[in-house]
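Residue strings, one per chain:
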Amino acid sequence: MAEKKELEDVLKELEKIGDIIGSAIVRRDGLLIASGLPSEVNARAVAAMAAAIVGTSETSTKELEIGEFQQVVVNASEGQYVAIGAGEEAILIALLRKNANIGLILLEMEKAAKKIEKLV
Amino acid sequence: MKISTGIQKLDEILGGGIESNSAVLFLTGTLIDKSSFSQHILSTRILEGDKGIYLTTSKPPSVILKNMYEHGWESEGMVFIDCISSTLKQESDASYVLKSLVTRPEEAWEETLKLLEKALKETPGLKTVVFDCLEVFMGVGAKRVANDIKKLKNILEDTKSTCLFLFTDWGYSKEELEEVCNVMDTVIRLDTIEKKLLWMNYFQYDESPKILFQITSVGVSIYVPKILVTGPFGAGKSSTIHSLSEKSVSIDKLGTTIALDHGYIEKKGLVCDIFGTPGQERFDWILKILSRDVWGVILVVDSTKPETFERAKEMLEKVRGYEIPFVVFANKQDLPNALSLEEIKRILGFEDVIPTSAIKKEGIEEGLKILFDKIFKLKTI
């Protein structure tokens, strides 16, 4: 059994990257597993929505027959938001600053997702 | 006589509460905040007229009082036996202060027992004691601890005191644990389990089901991870969630939910995540995503539209509601053309139908309580 702390450590490590404001691990059915999102964010609601966003995107990917789902990136005027799968059971999300280097961050998120997958 | 712990579910599995004038052991895992758990009980006891005595070996009294204040727990007139300040080389204004250092268990244990006995005899009336925490003294050996507690039990009886011993299992041997458990009148287990990535605290007495809990800003609350609200288009699912949860979020367009609703209940000793589904058939694929690992289902129907009841039953099937506890909220009962409860029961063929009006916030909380009762009866972990 993985310790919750190990998962939280993965998030802390990820959040060392300057352009990441916060991150969280969410169960595929929408429950929050571990959060490093800013405290003013309603993390439970964000978790529920992340599951819907990723679930919807994966289903669309299949429906459209465009190969393997990779990630969802939400671009907004003041920031960005990325969600990727982390194994069968979990989703990793990150809240990014505007103009963040998304290529580098995706690479780091992939690494973190692999660690999470191994832990759970 | 049984006395209430203030945690309804705990009282239930204990057959009405803890036995007064007895020794109760809370045997806990390492991730449990046992101090807060026991402070909730102590606060209940103080409110019911007991004198509270708090023996602390790890945190100074000021820290304990602050924690109790932050949770809104009663600490009026509490007597402290401070067994830590001397070790920390701090001043203490507690009524009883241990002079020995806790790092020297032999001396500390002997003096602690004397202080406790003194406090029990000098404090008048019915008393509830929190002994936080016992494992600090395991250095003197489990046998000795058990023997001394056996003697202490007579004093508890004589002084009308109930003592809650907190004990974290840091990996003691089976024999040591048995030694300590056997001398107690009641042993309540507090621990953490992981189920599909959720870490959950539970309490358990004897062979009772494990009851999940969380310690929130309002105290020890029973935890239900996930309730799903579903039902046909326009039945009032979103309104039901909004009336249950002050902090809820909906993803809707043109007044209809398109992805999900989310709410979080934290009241009346319960915490729970609630998920709401859309009602229209074109969104049915999302039912599958949201209905995984659900603990209970609320099926909302519009009492004025019996033509939608077939669709309601179909949705219940799609979220596999028949396999888990569910209730029906017959919503919009405030409208003049609403069908009677009996009629709705007959058409649907379900028994647990609760008349509600989400707009007027009527029947919602009663219905939720019925669902929770069904969950606790059927669902064990």
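Residues numbered from 1 in each chain as written. Chains lettered and ligands numbered in written order. Predicted model: local features only at pLDDT ≥ 70, side-chain atom pairs only at ≥ 80, totals over all residues. Heavy atoms only, no water.

Caption draft 1: Representation of the overall build of chain B. The helix and strand inventory of chain B stands at 11 helices and 18 strands. Expressed along its principal axes, the backbone C-alpha trace of chain B runs to roughly 75 × 40 × 35 Å. Across the 381 residues that make up chain B, the buried fraction comes to 58%. Sequence-distant contacts, at least 24 apart, represent 67% of the contacts inside chain B between residues at least 6 apart. Charge-centre separation for chain B: the mean point of 48 positive side chains lies 3 Å from the mean point of 56 negative side chains. (Helix = DSSP H or I, 4+ residues; strand = E, 2+ residues; numbered from the N terminus. Buried < 20%, exposed > 50% of the residue type's maximum accessible area, 1.4 Å probe, protein only. Contact = heavy atoms within 4.5 Å. Lys, Arg positive; Asp, Glu negative; His and termini not counted. Charge placed at Lys NZ, Arg CZ, Asp CG, Glu CD.)

Caption draft 2: Spatial organisation of the interface of chain A and chain B. Chain A puts 24 residues into the contact, and the matching count from chain B is 23 residues. Across the interface of chain A and chain B, roughly 2200 Å² is buried in total on both sides, 68% from carbon and sulfur atoms. The largest share of the area that chain A buries against chain B comes from Asp29, Leu31 and Arg44 of chain A, three residues that together contribute 28% of it. A salt bridge links glutamate 89 of chain A to arginine 292 of chain B; its shortest N-O distance comes to 3.2 Å. Among the secondary structure elements, those contributing two or more residues to the side of chain A that touches chain B are α1 (4–15), β2 (32–35) and α2 (43–64) of chain A. Ranked by residue count, the leading element in the side of chain A that touches chain B is α2 of chain A, at 8 residues. The class makeup of the residues in the side of chain A that touches chain B is 13 nonpolar, 4 polar and 7 charged. (Buried area = accessible area lost by both parts, 1.4 Å probe. Salt bridge = Lys/Arg side-chain N within 4 Å of Asp/Glu carboxyl O. Nonpolar A, V, L, I, M, F, W, Y, C, P; charged D, E, K, R; others polar.)

Caption draft 3: Main features of the layout of surface pockets. In this structure, the largest pocket encloses a volume near 810 Å³. Lining the largest pocket are 32 residues, and of these Lys4, Ile33 and Arg44 of chain A together with Trp199 and Gln214 of chain B lie nearest its centre. Those elements that place two or more of their residues in the lining of the largest pocket are α1, β2 and α2 of chain A together with β10 (198–205), β11 (211–216) and β15 (270–276) of chain B. For the lining of the largest pocket, the residue count by class is 16 nonpolar, 8 polar and 8 charged. (1 Å grid on protein atoms, 1.4 Å probe; cavity = no way out; pocket = protein on both sides within 12 Å on 5 of 7 lines; lining within 4 Å. Points joined across faces, edges and corners; volume = space filled by probe spheres on them.)

Caption draft 4: Region of the structure containing the packing of helix α2 (residues 34–47) of chain B against helix α3 (residues 61–70) of chain B. Residues and elements named next belong to chain B. Between α2 and α3, whose axes approach to 11 Å, the crossing angle comes to 70°. Comparing the axis directions of α2 and α3 gives the class roughly perpendicular. Residues Ser36, Gln39 and Ser43 of α2 lie in contact with α3, whose contacting residues are Ile64, Asn67 and Met68. Residues belonging to the contact of α2 with α3 are distributed by class as follows: 2 nonpolar, 4 polar and no charged. (Axes fitted to C-alpha atoms, helices over the stretch in contact; angles between N-to-C directions. Parallel < 35°, antiparallel > 145°, perpendicular 65-115°, else oblique.)

Caption draft 5: Fine view of the side chain of lysine 345 of chain B. Residue position: lysine 345 of chain B is located in helix α10 (residues 341–348). In contact with lysine 345 of chain B, not counting residues within four places along its chain, are Phe350, Glu351 and Val353 of chain B.

Caption draft 6: Main features of the pairing of β2 of chain A. Residue and element names in this part refer to chain A. Sheet analysis places strand β1 (residues 20–27) next to β2, joined by 3 bridges and oriented antiparallel. Residue pairing for β2: alanine 24 is matched across the bridge by serine 35. Once β1 ends, the chain turns through 4 residues before running back antiparallel as β2, passing glycine 30 with a positive phi of about 100°. (Pairing = 2+ DSSP bridges.)

Caption draft 7: Representation of the sheet that holds strand β5 (residues 90–97) of chain A within the structure. Residue and element names in this part refer to chain A. Here we have 5 strands laid out as an open sheet, ordered β2-β1-β5-β4-β3, and antiparallel in their pairing. At either margin of the open sheet sits one strand with a lone partner, and together these are β2 and β3 (71–76). Going across the sheet, the axis of each strand differs from the next one's by a mean of 15°, ignoring polarity. Relative to β5, β1 runs antiparallel, the two being bridged by 7 bridges. Residue pairing in the sheet places isoleucine 20 in a bridge with leucine 96 of β5.

Caption draft 8: The arrangement of the nonpolar core in detail. Residue and element names in this part refer to chain B. If you look at the biggest cluster of nonpolar residues, it comprises 91 residues, and the most contacted ones within it are Phe37 and Phe203. Here this core gets 7 residues from one element, more than from any other, and that element is strand β12 (residues 219–230). Among the nonpolar cores identified, the runner-up in size contains 40 residues, and Trp109, Ala142, Ile149 and Leu152 belong to it. (Core = buried A, V, L, I, M, F, W, Y, C linked by side-chain atoms within 4.5 Å.)

Caption draft 9: Spotlight on the pairing of β11 of chain B. Residues and elements named next belong to chain B. Summarising burial for β11: 5 of the 6 residues are buried, a large majority. Here 3 bridges tie β10 to β11, and the two strands are oriented antiparallel to one another. For phenylalanine 203, the partnering residue across the bridge sits in β11 and is isoleucine 211. Linking two consecutive strands that pair antiparallel, namely β10 and β11, is a turn of 5 residues; a positive phi of about 60° is found at aspartate 206 within it. Where β11 meets β12, 4 bridges bridge the pair, whose relative direction is antiparallel. Following the sheet pairing, isoleucine 215 is matched in β12 by valine 220.

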